[in-house]
Amino acid sequence: MSEGKNVDALFLLYVPHNRVASPRPHRDDATTHIRFRAARGDAHNRRLRYAAPRPGLGSGTPRCGRMERPPRLLSSPLWLHGRRCDVCVSGAALTWTAATGRTRIPGRAAGSHCVPVCEIVGVQEAAGRSQKSEPGRWPRVLQKPDKSQQPAFTVSYVGRGRQHRWRCSEVTFHCADWSTCHQWVQTIQEQLSLLTNRPKRLLVYVNPFGGKQRGRQIYEQKVAPVFSRAAISADVIVTERANHARDHLKTEAELKEYDGVVCVGGDGMFSEIVHGLISRTQLDSGVDQDSPEETLVPCSLRIGIIPAGSTDCICYATVGANDPVTSALHIVVGDCQPLDVCSVHHDDALLRYSLSLLGYGFYGDVLTDSEKKRWMGPARYDFSGLKTFLTHHQYEGTVSYLPATGSVGSPRDRMKCRSGCHVCQHNSPLPSVDSLEDETKAVLANGGPRDVWQVVRGKFVAINAASMSCACPRSPKGLSPSAHLSDGTTDLILVRKCSRLDFLRHLLRHTNKDDQFDHPFVEVHRVRRFRFAPRHHDADSELDLRDGGKGLFGQICRDHPACGCAAPRSTWSCDGETLPHTSIQVRVHSKIIQLFARGIEERPAFQDPGVLYAA
Ligand SMILES: CCCCCCCCCCCCC/C=C/[C@@H](O)[C@H](COP(=O)(O)O)NC(=O)CCCCC
Ligand SMILES: Nc1ncnc2c1ncn2[C@@H]1O[C@H](COP(=O)(O)OP(=O)(O)O)[C@@H](O)[C@H]1O
Ligand SMILES: [Ca+2]
C-alpha cells in the first residue's frame, strides 16, 4: 500500500456514530475473539470519554505530524510504566501523551506518541506488571490475564527500524479496572475489524531446503507469532519436492478459502507460487498460455514472500529489506503492490514466467554452474560467479526488441521505483483519449505510434532483462537501479564483447554509486518485448539443450569455443531456473500479480515524532 493509500485508509476509518457507547450484537468469532456488549455506565466508565465525530472533520492530512484533530472514539487516563498518560483512540490513530511535562516517558524524545490504526497489529488483554518491549526483538508471548492482577492491555504495532526494516513494537497500558480495560480492547479491535484490506486466512508454503535451509524455523519463530498476534489463521504446507507448491496451487488448492498465499523461501520458491497462481487463473479463464499473443488475466490473490532463500531479490526490491518480520508485517497490514510478469516463449510453447532476472551469458552460466553446488547454500553464487568471471565467455546471437515508446522514464534517468511510484501509475492503465495532449491525439489519429522492432547483432558477454531493479544484498542498487515494478516494461541490458578487466569494472559498479551503464560496451533499453536467437540456431541443437545442455556436443563447444564445430551457447537463467531453449520471445504483462508489499518507502509514512495534533 502506498503512502497515499495509507492516507486513504485513514479517511475510511472515520466512524459515523458513537459505536462504543451503544449496545452491540454479540459476536463470537473464532478468529478475532471479539465480543461486543453494551457499555456500562458505572463509576469507572464515567472516566472514559466517548465522543462522536464532528461533521467536517477528517479532511486534514492524517499523518502523525501536525494535523486537524480527528474525532475521538474513546479517551481516558491510563498508566504506562507507572506514569499517568492521556490515551485516546480515534478512527485514525491511537495516541498517548504523558499527562504533564514532568511525567515524560523514559527513553522517549517527547511525551506524545501516535500509532495509526492501520499500523496496529493487534490488541490483547494482558494483566500484570509493566512490560517493556525490547527493540528489534519479538515481544514475549503474553500471559492470559490473571484477574487478581492489575488490568492491562497490550497494543502491538508496526515500528520502523533502519534500512526499511519493520519490527513488531508493543506498548502496555494499565487500567484502573477490568471494565475500562475491556472497553479499550473492544474499541481498538472494532477499528481493526473495519480494515477490509487485511488478510484473515492465508495459505503458506514453506521450502525447508531454500537458502540456508532455515525456512521452517523462520516461519515458526519469526512469522507465526506475528500472524497469531494479528489473529490471522494460516494453513501451512511444508513442501516435499520441487514444484510441490506450484502443482498444489494449480490443481488442488481451495483458493476461495484464502485471502492470500505466502511462500517462505527464495526467488525460486516465489517463482513456483507465481507459476501455480498464474496457470490456475488462466486455466479457469480459458486463456491459452502457450500463445505469446494472449492477454493474461490478472491473479486475484495477493502473494506474500517471507525471505528464506539465497538471493531474495523480489523481497529486497519490493520491500527494501530481506527480513522475515518486516515481510510478515507487510502481510498483516494488507499492503498491495502490483507486479509485471514477463512470459518467455519458445515458438508456440510457454517456457516460464519471469519476474526478476532473465539472463543469458554471464548470469546464465553462473546459474548453471551454481545448480551443481546447491550444497554450498547461498555461497554457491559467489563461487560460480568468480569461476564464470574467470572463464569470460562471449556468445554470438541476435537480439530484437520493441522499445517502450510512450512510457514515462528511461533506464538511466535515476528515477527509482518507490512506494506510490508515479512512473508505474502513469504507465498503466492506459490514459483515456480525452486526457491526452493534442499532439498525442494527432499521432493516434494517424495510426498510433509506430512500434518498430530494433535489431542488434554481435557477441555478448551478457544479455539481461531486469523487470525490476533486482536489488539484493550483493548489489543494493541492483542490476537496473531505475527499473520499475509495475510499469509494463523490462530493462534489456546488453553487455557486448569486452575485455575481462572492463567486465570487472562493469560488475564493480553494481556495488557502488557509479553508473554501470556508462561503458561503451554496455547498452540498456526499456522494452515491452524482445527476442533472442543464438548464432547457428537450429532445431537439433535446441534438442541438446532440452536434455539440460549437458550433451557432449554442447560441452565441447562451451569449453572449446575455438573448435569451430558450432558457435558456443550459454543457457538462459530465469529467476534462478535454467531454460531448455536459447531461442526465446519475451513479452511483459503489466500488473498481473499482486504482492503483500508497498514498494520501498522513501520516508516512513508515519513517524513517532513526539509532536501530535495542533491544539
Ligand atoms: C565484483 C562484485 C560483483 C558483484 C556483482 C553483483 C551483481 C548482482 C546482481 C544480482 C541480481 C540477482 C537477480 C536475482 C535473481 C534470482 O532470481 C536468482 C534466484 O534466486 P534464489 O532463488 O534466491 O537463489 N538468483 C540469481 O540468479 C543469482 C545471481 C547471482 C550472481 C552473482
Ligand atoms: N521440498 C523441496 N525439496 C527440494 N526442492 C524444493 C523443495 N521445495 C521447493 N523446492 C525448490 O527449491 C528451489 C530453490 O528454492 P528457493 O526457496 O528459491 O531457495 P534458493 O534461494 O536457495 O534457491 C526452488 O526452485 C523450488 O522449486
Ligand atoms: Ca518493470
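Bear in mind the structure is a predicted one, so any value in this text is a computation, not a measurement. (Residues numbered from 1 in each chain as written. Chains lettered and ligands numbered in written order. Predicted model: local features only at pLDDT ≥ 70, side-chain atom pairs only at ≥ 80, totals over all residues. Heavy atoms only, no water.)

**A word on the pattern of salt bridges**
Step number 1: A full pass over the atoms with the stated rule returns 24 salt bridges.
Step number 2: Close ionic contact of Asp247 with Arg241 constitutes a salt bridge, the shortest N to O distance being 3.2 Å.
Step number 3: When its relative accessible area of 25% is taken as the criterion, Asp247 is described as partly exposed.
Step number 4: Of the residues examined, Arg241 reaches a relative accessible area of 45% and is grouped as partly exposed. (Salt bridge = Lys/Arg side-chain N within 4 Å of Asp/Glu carboxyl O. Buried < 20%, exposed > 50% of the residue type's maximum accessible area, 1.4 Å probe, protein only.)

**Considering the site of ligand 2**
Step number 1: The local shell around ligand 2 holds 21 residues, among which Gly211, Thr239, Gly266, Glu272 and Ser310 are the closest.
Step number 2: Backbone polar atom of Gly268 to an oxygen atom of ligand 2: 2.9 Å apart, as the coordinates give it.
Step number 3: When isolated, ligand 2 has an accessible area of 570 Å², and the protein chains bury 87% of it.
Step number 4: For the shell around ligand 2, the leading source of residues is helix 5 (residues 267-285), giving 4 residues.
Step number 5: Across the shell around ligand 2, the residue classes break down as 4 nonpolar, 10 polar and 7 charged. (Near = heavy atom within 4 Å. Polar contact = N/O pair within 3.5 Å; in protein donor to acceptor, adjacent residues only side chain to side chain. Areas by Shrake-Rupley, 256 points an atom, 1.4 Å probe, with all protein chains shown as cover. Helix = DSSP H or I, 4+ residues; strand = E, 2+ residues; numbered from the N terminus. Nonpolar A, V, L, I, M, F, W, Y, C, P; charged D, E, K, R; others polar.)

**Comments concerning the nonpolar core**
Step number 1: Counting 39 residues, the largest nonpolar core has Tyr205, Leu249, Phe270, Leu339 and Ile593 as the members making the most contacts within it.
Step number 2: Among the elements that take part in this core, helix 5 stands out by supplying 6 residues, more than any other.
Step number 3: Filtering out sequence-adjacent residues up to four positions away, Tyr205 remains in contact with Ile237, Ala245, His248, Leu249, Ala253, Val261, Val262, Cys263, Val264, Met269 and Ile273. (Core = buried A, V, L, I, M, F, W, Y, C linked by side-chain atoms within 4.5 Å. Contact = heavy atoms within 4.5 Å.)

**Details of the pairing of strand 3 (residues 93-98)**
The side chains of a regular strand alternate, residue by residue, between the two faces of the sheet.
Step number 1: Where burial is concerned, most of strand 3 is hidden: 5 out of the 6 residues are buried.
Step number 2: As judged from the 5 bridges shared by strand 2 (residues 83-90) and strand 3, these two strands associate in the antiparallel manner. When the sheet's bridge partners are listed, Asp86 is paired in strand 3 with Thr97.
Step number 3: The turn linking strand 2 back onto strand 3 is made up of 2 residues.
Step number 4: Note that strand 3 and strand 4 (residues 112-116) share 5 bridges and pair antiparallel. Across the sheet, residue Trp96 finds its bridge partner in strand 4, namely His113. (Pairing = 2+ DSSP bridges.)

**Observations regarding the UniProt feature "domain: DAGKc" (unreviewed entry) in the protein**
Step number 1: Following the UniProt record, one finds the feature "domain: DAGKc" (unreviewed entry) at residues 197-348.
Step number 2: Here residues 197-348 runs as 39% helix and 22% strand, with 39 Å between its end C-alpha atoms. (UniProt positions renumbered as here; feature names shortened; annotations may be inferred.)

**Brief notes about the coordination of the calcium ion (ligand 3)**
As a benchmark, a tetrahedral metal site with four donors has ideal angles of 109.5 degrees, while an octahedral site with six donors has ideal angles of 90 or 180 degrees.
Step number 1: Within the protein, the calcium ion (ligand 3) binds to Asp340 (OD), Ser467 (O), His484 (O), Asp487 (OD) and Thr489 (O); these donor distances fall in the range 2.3 to 3.2 Å.
Step number 2: For the calcium ion (ligand 3), all donor residues lie on one chain, and their spacing in sequence is D-x126-S-x16-H-x2-D-x1-T. Here His484 lies in the loop between strand 16 (454-466) and strand 17 (490-496) and Ser467 lies in the loop between strand 16 and strand 17, a separation of 17 residues in the sequence.
Step number 3: When its relative accessible area of 3% is taken as the criterion, Ser467 is described as buried. (Donors = N, O, S within 2.8 Å, 3.2 Å for Na, K, Ca; no water.)

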